[in-house]
Amino acid sequence: GTSDQDKAFQDKIDRNVRIEPRDWMPEGYRKTLIRQISQHAHSEIVGQLPEGNWITRAPSLQRKAILLAKVQDEAGHGLYLYCAAETLGVSRDELTEQLLSGKAKYSSIFNYPTLTWADVGMIGWLVDGAAIMNQVPLQRCSYGPYSRAMIRVCKEESFHQRQGFDIVRALVEGTEDQKAMAQDALNRWWWPAIMMFGPPDADSTHSEQSMKWGIKLNSNDELRQKFVDQTVPQAEWLGLTLPDPDLKWNEDRQSYDFGTPDWDEFFNVIKGNGICNRERLDARNKAWDDGAWFREGLMAHAEKTTKQNIA
Ligand code: ACO
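What counts and how
Residues numbered from 1 in each chain as written. Predicted model: local features only at pLDDT ≥ 70, side-chain atom pairs only at ≥ 80, totals over all residues. Heavy atoms only, no water. Phe/Tyr/Trp six-rings, centres within 6.5 Å; stacked < 30°, edge-to-face > 60°. Helix = DSSP H or I, 4+ residues; strand = E, 2+ residues; numbered from the N terminus. Buried < 20%, exposed > 50% of the residue type's maximum accessible area, 1.4 Å probe, protein only. Core = buried A, V, L, I, M, F, W, Y, C linked by side-chain atoms within 4.5 Å. Salt bridge = Lys/Arg side-chain N within 4 Å of Asp/Glu carboxyl O.

Some details on the packing of aromatic side chains
Considering all chains together, one arrives at 13 aromatic pairs under this definition. Judged by centre distance (4.9 Å) and plane angle (75°), the rings of F9 and Y29 are edge-to-face. With F9 in helix α1 (residues 3-14) and Y29 in helix α2 (residues 27-46), this pair connects stretches of sequence that are 20 residues apart. Each member of the pair, F9 as well as Y29, carries the same accessibility label: buried. Aromatic side chains F266 and F267 sit 5.1 Å apart centroid to centroid with 75° between the ring planes, which places their arrangement in the edge-to-face category. Of the residues examined, F266 reaches a relative accessible area of 6% and is grouped as buried.

A few points about the nonpolar core
If you look at the biggest cluster of nonpolar residues, it comprises 73 residues, and the most contacted ones within it are Y29 and M122. Among the elements that take part in this core, helix α6 (residues 117-138) stands out by supplying 11 residues, more than any other.

Looking at the pattern of salt bridges
Tallied over the full model, the rule gives 17 salt bridges. A salt bridge links D166 to R63; the nearest nitrogen and oxygen atoms lie 3.1 Å apart. Here D166 is found in helix α7 (residues 144-172), whereas its partner R63 is found in helix α4 (residues 61-86), with 103 residues between them in sequence. Under the relative-accessibility criterion, D166 is labelled partly exposed at 28%. Overall, the relative accessible area of 16% leaves R63 in the buried class. With a closest N to O distance of 2.7 Å, D221 and R224 form a salt bridge. One end of the pair is D221 and the other is R224, both in helix α10 (residues 220-238) and three residues apart, which spans about a single turn. One salt-bridge network, in which partners are shared between bridges, spans E51, K70, E74 and D128.

Below is the structure:
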């Protein structure tokens, strides 16, 4: 665009006017949104896998019904977000191809394994807790379809977070073994959850421009701090210990100081070398291949109906 167009656009953002699909927008804005929204959609879709792994082994009928509903919600969030991305001119097939080929990123957190039932609790409590911390502000992001999608997604995420907390509560109120199982899962999920917010601000390539455009409302480190501050009292209430020896209340900042995550591990995971990256992509590719007969059937049916309508 011309510099006049860019200035008028920035002015709209600064006045909190939502940008809608047919409005003019800088190419960079469009590209950044497609990247972020599609990564978000892929995360919801891949995010079904670690928990889906426990649907057949949930400890009671009620827990199973709840988990099933939650995993279905995630599929819904993914589809909802793909639709939001499509309003920016990218096709669903392109996005699917990017995920299946391993070209697209999705959240680092879903490359860790769910070894016990307590892990399902940790995903709800910590992972969905972190997701809400990041997504509540996105309800006010500058792109209309994305901001509106976030409203429903956040309502459902908050149910997910509570169901996870309730799983952990039941475990810590159970036998010593059950409490130990919860502690072990917390030890494994805490740091990956902290890393979900992305690299430290100094290493975040997109933050500055995305915040100027209202695509991000807070920096990665701001949200990470808010998450720590919210979660420490919850862990205390549960009687669990967060695996961070540097965690300490800072009276001056009225906030918790905490240790540094293993950022080498983070970058390694997002490069595709985490514990479960290959397994996750294989599962998505298999689902796509197994669904071929259904897509072909739909296409054949659509073709037949079109022909009948013409005749
Ligand atoms: N997992 C995988 N990749 C990540 C993560 C993460 N946790 N955090 C950052 N990255 C990637 C970015 O995608 C970017 O890579 P790219 O340039 O190849 O796209 C790179 O690391 C640098 O990071 P930033 O510049 O900080 O990236 P960005 O401004 O996009 O911020 C964030 C990352 C905070 C995740 C942002 O994209 C966002 O808010 N997304 C929407 C929420 C979302 O996707 N949540 C998914 C998990 S929650 C859930 O599904 C339950």
